[in-house]
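Inside the fold
Below, each chain spelled out in residue letters.
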Amino acid sequence: MSKTSFCIANWKMNKTIQEATDYIEKINKMDLSKSSAKMIICPSYTNLNDLIRYENKINKITFGAQNVSSENKGSFTGEVSISMLESIGCSWVIIGHSERRLIMQEKDSEIARKIELVYNSTLNPILCIGETSAENKNGETHKVLERQINTAFEYLDFENNKEILIAYEPIWAIGTGTAADRKSIESNIKIIKNIINNINTKNCNIYLLYGGSVDENNASDIFSIDDVNGFLIGTSSLDVERFYDIYRQI
Ligand code: PGA
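Procedures and definitions
Residues numbered from 1 in each chain as written. Predicted model: local features only at pLDDT ≥ 70, side-chain atom pairs only at ≥ 80, totals over all residues. Heavy atoms only, no water. Near = heavy atom within 4 Å. Polar contact = N/O pair within 3.5 Å; in protein donor to acceptor, adjacent residues only side chain to side chain. Areas by Shrake-Rupley, 256 points an atom, 1.4 Å probe, with all protein chains shown as cover. 1 Å grid on protein atoms, 1.4 Å probe; cavity = no way out; pocket = protein on both sides within 12 Å on 5 of 7 lines; lining within 4 Å. Sits in = over half its atoms within 2 Å of the grid points. Nonpolar A, V, L, I, M, F, W, Y, C, P; charged D, E, K, R; others polar. Phe/Tyr/Trp six-rings, centres within 6.5 Å; stacked < 30°, edge-to-face > 60°. Helix = DSSP H or I, 4+ residues; strand = E, 2+ residues; numbered from the N terminus. Buried < 20%, exposed > 50% of the residue type's maximum accessible area, 1.4 Å probe, protein only. Lys NZ or Arg CZ within 6 Å of the ring centre and 35° of its normal. Pairing = 2+ DSSP bridges.

On to the site of the ligand, then. Surveying the vicinity of the ligand reveals the residues Asn10, Lys12, His97, Glu169, Ile174, Gly175, Gly212, Ser213, Leu232, Ile233, Gly234 and Thr235. At a separation of 2.7 Å, an oxygen atom of the ligand approaches a polar side-chain atom of histidine 97. Glutamate 169 is positioned such that a nitrogen or oxygen atom in its side chain is 2.7 Å from an oxygen atom of the ligand. In isolation the ligand exposes 280 Å². Once the protein is present, 99% of that is buried. Under a 2 Å grid-point criterion requiring more than half of the atoms, the pocket assigned to the ligand is the second largest pocket. For the shell around the ligand, the class distribution of residues is three nonpolar, seven polar and two charged.

Quick look at the structure:
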């Protein structure tokens, strides 16, 4: 397959610095020429700075943060700003993951401000969107995806030359061990594509990814869906062999 592809590990709140460096050292010994996918690893903030130093040694891997503050600086205890991420050479940042939307009550308006900050920085965003199980059952998926995309891009003029990744992650498939079925991924990716086609994205390249229980057994089938340009992977990315197995299939 020759489509542009991305294989993203979202480690969430897992791995100490020792575990993280062991993982990177292991992956450094693997044959990364087996795939043309861009590998992006998103560790915790505490591991990010150290791991980014490996970037020069393993030029196929870049690193991303799992979140960024919607504020530039100031009295926001526990938050990390976009300029802090820029200052350590971080390349990507995940915005609006469903765990942040649901557990941390992150609002669409906050996500729009984060996307704007990332857009005006040296980083590129990985925007997560997706419907809950109830929204899916009520036939609200289209409406939800449209709202999430349109509000996230509210402040962008798309003049900057950016890669914007949008991960479609149906919330009911995340961390369950069962990915969404091929038919629903196909139809929802098509919906997202149509929403994007109605936006004048000018100088930005937008790629769509799938996330939600991707593993070594379903990866190549899901990757064969039109306009799926890769994956955002949680559970299966925690084990280096499993993550590599997915990577070499795309
Ligand atoms: P999962 O997580 O692969 O464990 O389903 C995906 C995600 O939350 O991004």
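After that view, the rundown keeps rolling.
Pairs of aromatic rings are described using the distance from one ring centre to the other and the angle between the two planes. Under the defined criterion, the tally for this structure stands at seven aromatic pairs. Their ring planes at 75 degrees and their centres at 6.1 Å tell us that phenylalanine 6 and tryptophan 92 sit as a pair that is edge-to-face. Highlighted residues: phenylalanine 6 in strand β1 (residues 6–10) and tryptophan 92 in strand β4 (residues 92–95), separated in sequence by 86 residues. A relative accessible area of 4% means that tryptophan 92 is categorised as buried. Here phenylalanine 153 and phenylalanine 158 contribute two aromatic rings whose centre-to-centre distance is 5.5 Å and whose plane-to-plane angle is 85 degrees, an arrangement assigned as edge-to-face. With respect to burial, phenylalanine 153 and phenylalanine 158 carry one shared label: buried. A cation over a ring is seen here: lysine 15 above tryptophan 11, with NZ or CZ 5.4 Å from the ring centre.

Further remarks concern the pairing of strand β5 (residues 124–129). In terms of residue burial, β5 counts as a mostly covered element, since six of its six residues are buried. Of the two faces of β5, both are covered, the one formed by Asn124, Ile126 and Cys128 as well as the one formed by Pro125, Leu127 and Ile129. As defined by bridge partners, β5 adjoins strand β6 (residues 163–168) across four bridges and the pair is classed as parallel. Counted as the bridge partner of leucine 127 is isoleucine 166 from β6.

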